[in-house]
Amino acid sequence: MYEFIQKLHSGWAYLALLLLVVAVLNALYGLISKKEFNATDRKIALFALIGTHTQLLIGLVIYFVSPLGFASLGNMSDKAIRLTSMEHPLINIIAIVLITVGWSKHKKLLTSESKFKTFTIFYTLGLILILSRIPWKLWL
Ligand code: HEM
């Protein structure tokens, strides 16, 4: 069970990050080029939302089955353990909340510029937070 979930979380991270990077670049391009926000732009942002939400669900499962998650929460003096049991989960949850806020906000906005701007700000903040707390040594 642990090994399967660990591989899933590790593998899905590539997809979730790729979708998020594409959504950030697309939002930035839309903002700079002043193009109309269309159905494809909406889909790109939606796929990034779904990709990160799926990773959040897998993350919540792995948190309770991994020896490096909840089980190690008491061991805060070890930097690597602190990263996987506290910093990575907490910061990633905040990042995914920001991404979700960006998605919700864009629905209420009327102009293409404001939609692209909202995605650029919220998705970029989410991406930066996620990248700042990846356990790179475990992953690569
Ligand atoms: C978009 C969000 C996330 C991304 C991109 C992500 C990515 C990763 C990556 C790349 C690893 C290293 C995997 C490896 O060992 O090869 C990892 C490990 C881990 N993640 Fe996440 N993660 C995310 C969200 C979460 C969340 C929300 C939680 C918990 C609530 C979580 C809990 C963990 C734990 C406990 C580990 C260590 C697993 C182990 O090796 O035993 N992750 N994550």
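Residues numbered from 1 in each chain as written. Predicted model: local features only at pLDDT ≥ 70, side-chain atom pairs only at ≥ 80, totals over all residues. Heavy atoms only, no water.

1. Some details on the side chain of serine 66
Reasoning step 1: You can see serine 66 is positioned in the loop between helix 2 (39-65) and helix 3 (79-108).
Reasoning step 2: Relative accessible area serves as the criterion here: at 9%, serine 66 is assigned to the buried category.
Reasoning step 3: Separated by 2.8 Å, the side chain of serine 66 and the backbone nitrogen of leucine 68 make a polar contact.
Reasoning step 4: For serine 66, the residues in contact, after removing those within four places along its chain, are Tyr2 and Ala71. (Helix = DSSP H or I, 4+ residues; strand = E, 2+ residues; numbered from the N terminus. Buried < 20%, exposed > 50% of the residue type's maximum accessible area, 1.4 Å probe, protein only. Polar contact = N/O pair within 3.5 Å; in protein donor to acceptor, adjacent residues only side chain to side chain. Contact = heavy atoms within 4.5 Å.)

2. Observations concerning helix 1 (residues 2-33)
Reasoning step 1: For helix 1, spanning 32 residues, the distance from its first C-alpha to its last is 46 Å, which sits close to the expected 46 Å at 1.5 Å a residue.
Reasoning step 2: Along its length, helix 1 shows its largest kink, about 25°, at tryptophan 12.
Reasoning step 3: For helix 1, every residue scored as buried is listed here: Ile5, His9, Ala13, Ala16, Leu17, Leu20, Ala23, Val24, Asn26, Ala27 and Gly30.
Reasoning step 4: Directly beyond the C-terminal end of helix 1, a positive phi value near 55° is found at lysine 34. (Expected span 1.5 Å × (residues − 1). Bend = angle between axes of the 7 residues up to and from the residue.)

3. Let's talk about the site of the ligand
Reasoning step 1: In the vicinity of the ligand lie 25 residues, with Tyr2, Gln6, His9, Ser66 and His88 positioned nearest.
Reasoning step 2: Glutamine 6 is positioned such that a nitrogen or oxygen atom in its side chain is 2.8 Å from an oxygen atom of the ligand.
Reasoning step 3: Between the ligand and histidine 88, the relevant distance is 2.8 Å, taken from a nitrogen atom to a side-chain nitrogen or oxygen of the residue.
Reasoning step 4: Those elements that provide at least two residues to the shell around the ligand are helix 1, helix 2, helix 3 and helix 5 (136-139). (Near = heavy atom within 4 Å.)

4. Concerning a positive patch on the surface
Reasoning step 1: A cluster of basic residues, Arg42, Lys43, Lys105, Lys107 and Lys108, forms a positive patch on the protein surface.
Reasoning step 2: Listing elements by their share of the positive patch, those giving two or more residues are helix 2 and helix 3.
Reasoning step 3: Of all the elements, helix 3 adds the most residues to the positive patch, at 3 residues.
Reasoning step 4: Tracing the backbone through its elements, the reader meets lysine 105 in helix 3. (Patch = residues over 30% accessible without salt bridge, like charges linked within 9 Å, V, L, I, M, F, W, Y side chains within 5 Å. Areas by Shrake-Rupley, 256 points an atom, 1.4 Å probe, with all protein chains shown as cover. Salt bridge = Lys/Arg side-chain N within 4 Å of Asp/Glu carboxyl O. Lys, Arg positive; Asp, Glu negative; His and termini not counted. Charge placed at Lys NZ, Arg CZ, Asp CG, Glu CD.)

5. Description of the coordination of the iron atom of the ligand
Reasoning step 1: Here the iron atom of the ligand is held by His9 (NE2) and His88 (NE2), and the distances to it run 2.0 Å.
Reasoning step 2: Metal-centred angles of 87 to 178° between the 6 donor atoms at the iron atom of the ligand mark the site as octahedral. Here the residue histidine 9 occupies a position in helix 1, and histidine 88 occupies one in helix 3, the gap between them amounting to 79 residues. Histidine 88 carries the same exposure label as histidine 9, and that label is buried. (Donors = N, O, S within 2.8 Å, 3.2 Å for Na, K, Ca; no water. Tetrahedral: all angles 85-135°; square planar, octahedral: opposite > 155°, others 65-115°.)

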